[in-house]
Amino acid sequence: MSFIDKISSGVTEAGNSISQKAKDISEQTKLSGEIAKNKARRDEYIMQLGEAYYQAHKNGTEGNFDELMEQIDLVDGILDNLKEGLYQIKGIVICDQCGTEVPRGSAFCPSCGAQVRQPASVRCAKCGTELAAGSRFCIKCGARIE
Ligand SMILES: [Zn+2]
Ligand SMILES: [Zn+2]
């Protein structure tokens, strides 16, 4: 490889990682937006639940909270998925004990020293990329995950 080739391939590599970064950032922004939206929805349901409880209590009636509880469970599930996606892009896990963002692969939390729960993940046998558990194809190289 000539000197010029090396330079230009170096530039291309840098260019690629920059566009990957840009992609990650726009994906992060999207996920953060979705998380905020669902958090607002959750707050809204909690408020409705509080109001329903108050009314039931005040009127001495049973009140039916099942539907609202179900909605909140649903939103919680969505939030978990969105957050996991965000953490994956950021390459972090959240410490169960203190909520600190800890780099993936850490055994202990740098803030409180608690053991870090490793996220369920699979590794691509071909390129070694860490993928969410249940992935069927590698997001980097497209290899099928066994
Ligand atoms: Zn911690
Ligand atoms: Zn791969």
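From a predicted model like this one, the values you see are computed outputs, not experimental measurements. (Residues numbered from 1 in each chain as written. Chains lettered and ligands numbered in written order. Predicted model: local features only at pLDDT ≥ 70, side-chain atom pairs only at ≥ 80, totals over all residues. Heavy atoms only, no water.)

Focus: the coordination of the zinc ion (ligand 1)
Rules: Listed donor atoms are N, O and S within 2.8 Å of the metal (Na, K and Ca: 3.2 Å). As water is not included, a site may look incomplete. Only two sets of limits are used to name each site, 85 to 135 degrees for every angle of a tetrahedral four-donor site, and over 155 degrees for opposite donors with all other angles from 65 to 115 for a square planar four-donor or octahedral six-donor site, with any other site named irregular. Any residue under 20% of the maximum accessible area for its type is buried, any over 50% is exposed, and the rest in between are partly exposed; the area is computed with a 1.4 Å probe on protein chains only.
Looking at the zinc ion (ligand 1), the protein donor atoms are Cys-95 (SG), Cys-98 (SG), Cys-109 (SG) and Cys-112 (SG), and they sit 2.3 Å from it. In this structure, the zinc ion (ligand 1) is surrounded by four donor atoms whose angles at the metal cover 106 to 114 degrees, and the resulting shape is tetrahedral. Under the relative-accessibility criterion, Cys-95 is labelled buried at 4%. Take Cys-112: its relative accessible area is 41%, and that puts it in the partly exposed class.

Some points on the pattern of salt bridges
Any two side chains of opposite charge can pair, so long as their charged atoms come close to each other. For the record, the criterion: By definition, a salt bridge exists where a carboxyl oxygen of Asp or Glu is found within 4 Å of a side-chain nitrogen of Lys or Arg. Each helix is a run of DSSP H or I of at least 4 residues and each strand a run of E of at least 2, with the numbering of both proceeding from the N terminus.
What the rule picks out here adds up to five salt bridges. A salt bridge links Lys-30 to Glu-27; its shortest N-O distance comes to 3.6 Å. With a gap of three residues between them, Lys-30 and Glu-27 both fall in helix H1 (residues 3–59), about one helical turn apart. Given the relative accessible area of 55%, Lys-30 is considered exposed.

Examining the confidence of the model for the chain
The cut-off we apply is this: On a range of 0 to 100, pLDDT expresses the predictor's confidence in each residue.
Here the chain shows a mean pLDDT of 86. Residues at 70 or above account for 88%. The least confident element of the chain, judged by mean pLDDT, is strand E4 (residues 130–132) at 78; the most confident is strand E2 (residues 101–103) at 93.

Section: the nonpolar core
In a soluble, globular protein the nonpolar side chains are often hidden away together inside. For the record, the criterion: Only buried Ala, Val, Leu, Ile, Met, Phe, Trp, Tyr and Cys residues count toward a nonpolar core, and they belong to the same one when joined by side-chain atoms within 4.5 Å. Here, two residues are considered to be in contact whenever any of their heavy atoms come within 4.5 Å of each other.
The biggest cluster of nonpolar side chains holds ten residues, and these are Leu-31, Ile-35, Tyr-45, Leu-49, Leu-68, Ile-72, Val-75, Leu-79, Leu-82 and Leu-86. Among the secondary structure elements, those contributing two or more residues to this core are H1 and helix H2 (66–90). Looking at this core element by element, the count peaks at six residues for H2. With residues up to four places along the chain from it excluded, the contact list for Val-75 reads Asn-38, Arg-41, Arg-42 and Tyr-45. Ranked by size, the runner-up nonpolar core spans six residues in total, among them Val-93, Val-102, Cys-109 and Val-116.

Describing the coordination of the zinc ion (ligand 2)
When a metal holds four donors in a tetrahedron, each ideal angle between them is 109.5 degrees; when it holds six in an octahedron, the ideal angles are 90 or 180 degrees. The protein atoms that coordinate the zinc ion (ligand 2) are Cys-124 (SG), Cys-127 (SG), Cys-138 (SG) and Cys-141 (SG), at distances spanning 2.3 to 2.4 Å. In this structure, the zinc ion (ligand 2) is surrounded by four donor atoms whose angles at the metal cover 104 to 118 degrees, and the resulting shape is tetrahedral. Counting gaps between the donor residues of the zinc ion (ligand 2) yields the pattern C-x2-C-x10-C-x2-C. Relative accessible area serves as the criterion here: at 33%, Cys-141 is assigned to the partly exposed category.

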